[in-house]
Amino acid sequence: MRTYHYKTKSAEETMFFAEKLGSILQKGDVLTLAGDLGAGKTTFTKGLAKGLGITRTVNSPTFTIIKEYKGRLPLYHMDVYRLEDSDEDLGFEEYFSGDGVCVVEWAVFIEEYLPQDRLELVISNKGDDEREIQVTPIGIRYEERVKEIM
Ligand code: ADP
Ligand code: MG
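The name given to the protein in an unreviewed UniProt entry is tRNA threonylcarbamoyladenosine biosynthesis protein TsaE, with the source organism recorded as Fictibacillus phosphorivorans. According to UniProt, the comment filed for the protein under the heading Subcellular location (unreviewed entry) is "Cytoplasm".

See the structure below:
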């Protein structure tokens, strides 16, 4: 298992990279997305959505836990922060093995429901408009495809 590092110098560059990733995603893919407030998680997800052919505006799902967008494949954008103190199962397995792509923010809070194979993304703020995106494909399902775009 290896981690790729991708640096961007603007929100547009982050979106462009995410769009490229979005264009190779397949049904049943699960991505975890971590990073501090303002790191660029929502910006990244907007780009990813574009790569999935989604035209609707993507916003933070903070007040809804799961937001669904229709595109080439459906995107399920989840922010499970509010499940920190509960182990409530909102039917995650059906989402994860379902017809679309899942992006999970604060995935540590639902660790027990996450599939073993997944694509882990971490965005760090390196000052001003610089960001580093760490991409760790876990499982053969992701390794080959990620290698191609990195
Ligand atoms: P989060 O969802 O992680 O809290 P947002 O995507 O909402 O973060 O906010 C990131 C902010 O940082 C946006 O205002 C965006 O324009 C800005 N930004 C500046 N440089 C970058 C970059 N290289 N990548 C992503 N966002 C950037
Ligand atoms: Mg956000």
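## So, the site of ligand 1
The environment of ligand 1 is made up of 15 residues, and the closest members are T14, G38, K41, T43 and D129. The separation between an oxygen atom of ligand 1 and a polar main-chain atom of T42 is 2.9 Å. Here an oxygen atom of ligand 1 sits 3.1 Å away from a polar atom, N or O, in the side chain of R131. Elements with a contribution of two residues or more to the shell around ligand 1: α1 (11-23) and α2 (41-51). Counting residues per element, the shell around ligand 1 draws most heavily on α2, at 3 residues.

## As for the coordination of the magnesium ion (ligand 2)
Summarising the metal site, the magnesium ion (ligand 2) is bound by the protein donors T42 (OG1) and S60 (OG), whose distances to it range over 2.2 to 2.6 Å. Taken together, the residues span a long stretch of sequence, with T42 in helix α2 and S60 in the loop between α2 and β3 (66-69) at a distance of 18 residues.

## A closer look at the nonpolar core
A general tendency of soluble globular proteins is for nonpolar side chains to be buried together. Judged by nonpolar contacts, the single largest core of 43 residues is most densely connected at L31, F44, M78, V80, F92, F96 and I110. Top element by residues in this core is strand β5 (residues 101-105). It accounts for 4 residues.

## Section: the packing of α1 against α2
With their axes 6 Å apart at the nearest point, α1 and α2 run at an angle of 40 degrees to one another. Here α1 is positioned oblique relative to α2, judged by the angle of their axes. The element α1 and its partner α2 pack so that their crossing is right-handed. The segment α1 lies against α2, with A11, T14, M15, F17, A18, E19, L21, G22 and S23 engaging T43, F44, K46, G47, L48, K50 and G51. For the contact of α1 with α2, the class distribution of residues is 7 nonpolar, 6 polar and 3 charged.

## Brief notes about the pairing of strand β2 (residues 30-34)
The buried fraction of β2 amounts to 4 of the 5 residues, a majority that puts the element mostly inside the structure. Of the pairings in the sheet, the one linking β2 to β5 comprises 4 bridges and is parallel in character. Paired with T32 across the strands is V104, a residue of β5. Sheet topology places β2 next to strand β6 (residues 118-125); 4 bridges connect them, and they run parallel. Of the residues in β6, the one forming a bridge with L33 is L121.

## Describing helix α4 (residues 140-149)
Y142, R145, V146 and I149 are the residues of α4 that are buried. Buried residues along α4 cover an arc of 100 degrees about the axis, so they all sit on one side. Facing away from the buried surface of α4 by more than 90 degrees, the exposed residues are I140, K147 and E148. Where α4 is buried, its residues meet β1 (4-8), α1, β2, β6 and β7 (131-138).

The rules behind the values
- Residues numbered from 1 in each chain as written.
- Chains lettered and ligands numbered in written order.
- Predicted model: local features only at pLDDT ≥ 70, side-chain atom pairs only at ≥ 80, totals over all residues.
- Heavy atoms only, no water.
- UniProt positions renumbered as here; feature names shortened; annotations may be inferred.
- Near = heavy atom within 4 Å.
- Polar contact = N/O pair within 3.5 Å; in protein donor to acceptor, adjacent residues only side chain to side chain.
- Helix = DSSP H or I, 4+ residues; strand = E, 2+ residues; numbered from the N terminus.
- Donors = N, O, S within 2.8 Å, 3.2 Å for Na, K, Ca; no water.
- Core = buried A, V, L, I, M, F, W, Y, C linked by side-chain atoms within 4.5 Å.
- Buried < 20%, exposed > 50% of the residue type's maximum accessible area, 1.4 Å probe, protein only.
- Axes fitted to C-alpha atoms, helices over the stretch in contact; angles between N-to-C directions.
- Parallel < 35°, antiparallel > 145°, perpendicular 65-115°, else oblique.
- Left-handed = near helix turned anticlockwise from the far one by under 90°.
- Contact = heavy atoms within 4.5 Å.
- Nonpolar A, V, L, I, M, F, W, Y, C, P; charged D, E, K, R; others polar.
- Pairing = 2+ DSSP bridges.
- Arc of directions from axis to C-beta.

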